[in-house]
Amino acid sequence: MKRTKIFKLLNSETPIKDVLIKGWVRTRRDSKTFSFLEINDGSCLKNVQVIADSGLDNYDAINRISTGSAVAVSGELTPSKGSGQKWEVQATDIDILHMSPDSFPLQKKRHSDEYLRSIAHLRPRTNKYGAAFRIRSELSYAIHTFFRDRDFRYIHTPIITGSDCEGAGEMFRLTTFDFKNIPEIDGKTDFNQDFFGKEANLTVSGQLSAEMFALSLGDVYTFGPTFRAENSNTSRHAAEFWMIEPEMAFCDLEGNMDLGEEMVKYLATFILDECKDDLDLFARFVDKQLMNTLENIAESTYVRLPYTEAVDILTHSKFKFEYDVSYGKDLQSEHERYLTEKHFKKPVILYNYPKTIKPFYMRLNDDNKTVAAMDVLVPRIGEIIGGSQREERLDILEHRMDETGLNKENYWWYLDSRRYGSVEHSGFGLGFERLIMLVTGISNIRDVIPFPRTPKNIDF
RNA sequence: UCCCCAGUAGCUCAGUUGGCAGAGCGAGUGGCUGUUAACCACUAAGUCCGCGGUUCAAGUCCGUGCUGGGGAGCCA
């Protein structure tokens, strides 16, 4: 007999004579002539209540089943005589697949996030983390749906890159050298002898590759892991994280902002509609304001504000900031939060930043001082999207590379796209973990990725 | 990398002026009950993060290291 997932069972319209469920015991409550077992199989937040009658041949063993044990239960789905649930399973046979000894680290009580991080291999068996990772999966699906509905193509950009810099931070080096015997030439490492014959790194962004495909297939996106070797110790940064990077040909900054806003709204709406049970857990136990925040993000029209006007608002604000605001400096976290949480009370898209604080590939505006960049800022998380219209004019792009000290030879292929049929195009990056933090209210990035990689932490 | 805070039972934490190591939850045992993270009683459980110092005496004070958390910078 095939097992039925608990999610399906609990949504049944009618009683079912014969069912088989398999899962892990969350708790056991004994009565005189029978026991209640709460079984969870990960298919949904809810457990199913199983009635184990003392008449079962292995009742002695059933009475010793502990939290964490795995069981297979055959029986009948019947309306519950108790008041807490619609259905329950009256067991005719309980096969104890594996007993969990009492050293099982998860107890029938709340644990701290810090403790659960130390048992990251077991935490998906808790309500909160089960819900978080189901939502992570649903959001992945929603992202692909969003793009496919809009005729975008999914591009797999390389994880290993030969570019010495993609303009987005410190990189992890990749080599097959024997560290005890690294070949040198003229006192320097001889990368000619390394696997690729030159320096290789893990990617920090798929953008430059994605641009090549946007300039071939039209509208494309990437969705994959990204690696930054920054020594960042915050609740919003990880060394390995997933990023979604759409890139659109024949699209200017305004079209780019339109897509960013539409996408964030779509994803918030999707989660509100499709993940009610799991979302409800976060709204009750993690962030009481979660539903308001999500509805605000799903429904409000995002403010679009040039960087200079943002600086004006901030300098004229009576609010006391720890750091001063002035034109030409990047905004601090506290400034972004002020704009989204206090001043506008909704998401804000800032655009046209000074070129001095943005990378070389962003398109220079006619004022010669700003670039066509845009950041989508949301309450509580801050920057969730960073993007721009790309510089499509070869001479200006080369000039910007010189200004920022990049070696143009390494980017010959990138520059080729501006030599042959160059057109305006735009794109952005959306941090997948930050999106999950936004929709769940979870405040630490380490708790929305299965096995987080942060400085000095690579267990599991 | 910088600033701040913390580390005590399996977990969450209390521990006063330096003076015998504590509670709740969990676990074990017994009881009770169509129960709902059940309830009642009893029992077991400790390298007080490591190292060094001050002191008659250190969980407590000082130094240092490690680990974790919050914030900043970098960004997604």
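Starting afresh in each chain, residues are numbered from 1 along the sequence in its written order. Whichever chain is written first is A, and whichever ligand is written first is 1; the rest continue in order. With pLDDT at 70 or above as the cut-off, local features in this predicted model cover only qualifying residues; side-chain atom pairs require 80 or more to be listed or tallied, and sums for whole chains, interfaces and linings still use all residues. Side-chain measures here rest on the full set of heavy atoms in the structure, leaving out hydrogens and waters.

Novice: How would you summarise the pairing of strand β4 (residues 70–79) if you had to cite specific residues and measurements?
Specialist: Burial status follows relative accessibility: with a 1.4 Å probe on protein chains alone, a residue under 20% of its type maximum counts as buried, one over 50% as exposed, and anything between as partly exposed. Counting from the N terminus, the helices are the DSSP runs of H or I reaching at least four residues and the strands are the DSSP runs of E reaching at least two. The buried fraction of β4 amounts to 7 of the 10 residues, a majority that puts the element mostly inside the structure. Note: two strands are recorded as paired if DSSP finds a minimum of 2 bridges between them. In this structure, strand β1 (residues 16–30) lies alongside β4, joined through 7 bridges in antiparallel fashion. By the bridge assignment for β4, G23 is matched with V71. Bridge count between β4 and strand β5 (residues 87–98): 10 bridges; the pairing is antiparallel. Bridge pairing in β5 places E76 opposite Q90.

Novice: Let's hear about the protein's contact with RNA strand B: which residues, and what values?
Specialist: Neighbouring RNA strand B are 51 residues, the closest being E88, T234, H237, Q332 and R434. The rule for a residue being near a molecule or strand is that one of its heavy atoms must lie within 4 Å of it. The sugar-phosphate portion of RNA strand B accounts for 45% of its atoms within 4 Å of the protein, the bases making up the rest. The side chain of S112 places a nitrogen or oxygen atom 2.8 Å from a phosphate oxygen of RNA strand B. In the environment of RNA strand B, a sugar or linking oxygen lies 2.8 Å from a nitrogen or oxygen atom belonging to the backbone of I384. Looking at the surface near RNA strand B, the elements with two or more residues in it are β1, β2 (34–40), β3 (48–53), α3 (113–118), β13 (240–249), β17 (382–389) and β18 (425–431). The nonpolar class holds Ala, Val, Leu, Ile, Met, Phe, Trp, Tyr, Cys and Pro. Asp, Glu, Lys and Arg form the charged class, and all remaining residues, Gly among them, are polar. Looking at the surface near RNA strand B residue by residue, the class counts come to 11 nonpolar, 22 polar and 18 charged. Whenever two N or O atoms come within 3.5 Å, that pair is a polar contact, provided that in protein one can donate a hydrogen and the other can accept it, and provided that, for residues adjacent in sequence, both atoms are side-chain atoms.

Novice: Can you break down the nonpolar core residue by residue, with the values?
Specialist: Joining through side-chain atoms within 4.5 Å is the link that ties buried Ala, Val, Leu, Ile, Met, Phe, Trp, Tyr and Cys residues into a set, and such a set is a nonpolar core. Grouped together as the largest cluster of nonpolar side chains are 56 residues, with contacts concentrated most on L139, I143, F147, M263 and M374. Sorting elements by how many residues they give to this core places helix α6 (residues 253–274) first, with 10 residues. When checking whether two residues touch, look at their non-hydrogen atoms; a contact exists if any pair is within 4.5 Å. Those residues within four positions of M374 in sequence are excluded, and the remaining contacts are L253, N256, M257, I349, L350, Y351, I385, G386, G387, S388 and F428. Of all hydrophobic cores here, the second largest spans 30 residues; its members include M212, V325, V348 and L350.

Novice: Account for the side chain of Q389, naming residues and giving values.
Specialist: With respect to the helices and strands, Q389 occurs in strand β17. We classify Q389 as buried; its relative accessible area is 7%. When residues no more than four places from it in sequence are discounted, the contact partners of Q389 are C251, D252, L253, N256, Y361, M362, R363, A372, E424, H425 and S426.

Novice: Provide a residue-level description of the environment of A72, including the pertinent values.
Specialist: Within the secondary structure, A72 is located in strand β4. Residue A72 is classed as buried on the basis of its relative accessible area, which comes to 6%. Note: C-alpha distance between A72 and D93 (21 residues apart in sequence) is 8.2 Å. In this structure, A72 is in contact with L20, I21, K22, D93, I94, D95 and L97, ignoring residues within four places of it in sequence.

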